[in-house]
Amino acid sequence: MRGLMERTSLKRSMVICGMKTELEYAYFPTDAVLSLVGGTADGLGVEIGMVGREGFVGLSMLFGRPIHLYRAMVQHQGHAWRLPAQSLKQAVQERSALRAELLKYAQVRFAQFAQAAICHRFHSLQQRLCRWLLSLQDRVDSRRFPRTHELMAERIGGRRPTVGTIVGGLERAGLIEYQRGSLTLVDPAGLERMACECYRILRQEIGDCSK
């Protein structure tokens, strides 16, 4: 299958698939991170999943329905391997072991969607922001990345002024540093203590998937 794949560069904020559109390619990130964003008819949106090197965008193809129900956009720029939808469909039909391996990731995706519903209903914006920052760090292997208050607010379903207040509080506590759109995690262990349990649950799911 690798011979059919091509390496592609993904720029931050690039939309690789819109809502309710047919997928042309499956994307397997290497060092890029993608956000899966659910939205409303009036244009509001919130992140319901995050995809890094542990997974891929195109899971619906394995179920015979290559329609993407949410927007997939680049959260952290980098690279990914992409494979034409028809090639992936043929490959999983011919190789049961490949299909089984890719379907293992379905458990991670289902867990993300379930936890997103729980998290947005029961957990505070501060808990959600800490969880989100840690999840991003895990996928980029870096404690520093470009982020704005506006973007973080969009991802966790909050208002920009509120997120700005939370960021200021985390900075005063010595957990992060924020300067000119660049955010650094100074104390990830401290952030994890403040994050909701969703972070640990999803991290465990990803670990189980890789076994």
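For the structure itself, consult the block above.
Student: Break down the environment of Leu136 for me, with residues and values.
Tutor: Relative to the helices and strands, Leu136 resides in helix α3 (residues 125–140). The exposure class assigned to Leu136 is buried, which follows from its relative accessible area of 0%. Excluding residues within four positions of it along the chain, Leu136 makes contact with Val33, Met50, Gln75, His76, Phe145 and Arg147.

Student: Could you give an account of the pattern of salt bridges, with specific residues and numbers?
Tutor: According to the stated counting rule, one finds six salt bridges in the structure shown. Glu192 is paired through a salt bridge with Arg203; the nearest N and O atoms lie 3.0 Å apart. Linking Glu192 in helix α6 (residues 188–194) with Arg203 in helix α7 (residues 198–209), this pair joins segments that are eleven residues apart in sequence. Residue classification places Glu192 among the partly exposed residues on the basis of a relative accessible area of 22%.

Student: Which residues make up the side chain of Arg131, and what values do they have?
Tutor: Position of Arg131 relative to the elements: it lies in helix α3. For the buried residue Arg131, which engages in no salt bridge, the nearest side chain bearing the opposite charge is Glu47, 4.7 Å off. Beyond its immediate sequence surroundings of up to four residues, Arg131 is in contact with Cys119, Ala195, Cys196, Cys198 and Tyr199.

Student: Before we move on, can you summarise unusual backbone geometry with the specific residues and values?
Tutor: Peptide bonds are mostly trans, and most non-glycine residues show a negative phi. A positive phi angle, close to 80°, is found at Ser13, a residue other than glycine. Tracing the backbone through its elements, the reader meets Ser13 in the loop between β1 (6–10) and β2 (15–17). Overall, Ser13 belongs to the partly exposed group, its relative accessible area being 44%. The residue Lys20 is not glycine, and still its phi comes out positive at about 55°. Note on placement: Lys20 falls in the loop between β2 and β3 (21–22).

Student: Account for the nonpolar core, with residues named and values stated.
Tutor: Core analysis: the biggest nonpolar cluster contains 32 residues, and Leu10, Ile16, Leu34, Phe56, Val57, Leu88 and Leu102 have the highest contact counts within it. The set of elements that each furnish at least two residues to this core consists of β2, β4 (25–29), β5 (33–39), β8 (71–76), β9 (78–84), α1 (85–94) and α2 (96–122). Broken down by element, the residue count for this core peaks at five residues, all from α2. Listed in part, the 26 residues of the second largest apolar core include Phe145, Ile176, Leu185 and Tyr199.

Criteria and cut-off values
- Per chain, residues are indexed from 1 in the order of the written sequence.
- At least 70 in pLDDT is required for a residue's local features to be given in this predicted model, at least 80 for side-chain atom pairs to be given and counted, and no such filter applies to totals for whole chains, interfaces and linings, which use all residues.
- Note: side-chain values were computed over all heavy atoms of the structure, leaving out hydrogens and water.
- Every helix listed is a DSSP run of H or I at least four residues long, and every strand listed is a run of E at least two residues long, numbered separately from the N terminus.
- Exposure classes here rest on a 1.4 Å probe applied to the protein chains alone. A residue is buried below 20% of its type maximum, exposed above 50%, and partly exposed in between.
- Only heavy atoms enter the contact rule, under which two residues are in contact if any of them lie within 4.5 Å.
- We define a salt bridge as a contact between a side-chain nitrogen of Lys or Arg and a carboxyl oxygen of Asp or Glu at a distance within 4 Å.
- Here the positive residues are Lys and Arg and the negative ones are Asp and Glu; neither His nor the chain ends is included.
- Within this scheme, the nonpolar core is defined by two criteria: the residues are buried Ala, Val, Leu, Ile, Met, Phe, Trp, Tyr or Cys, and they are joined through side-chain atoms within 4.5 Å.

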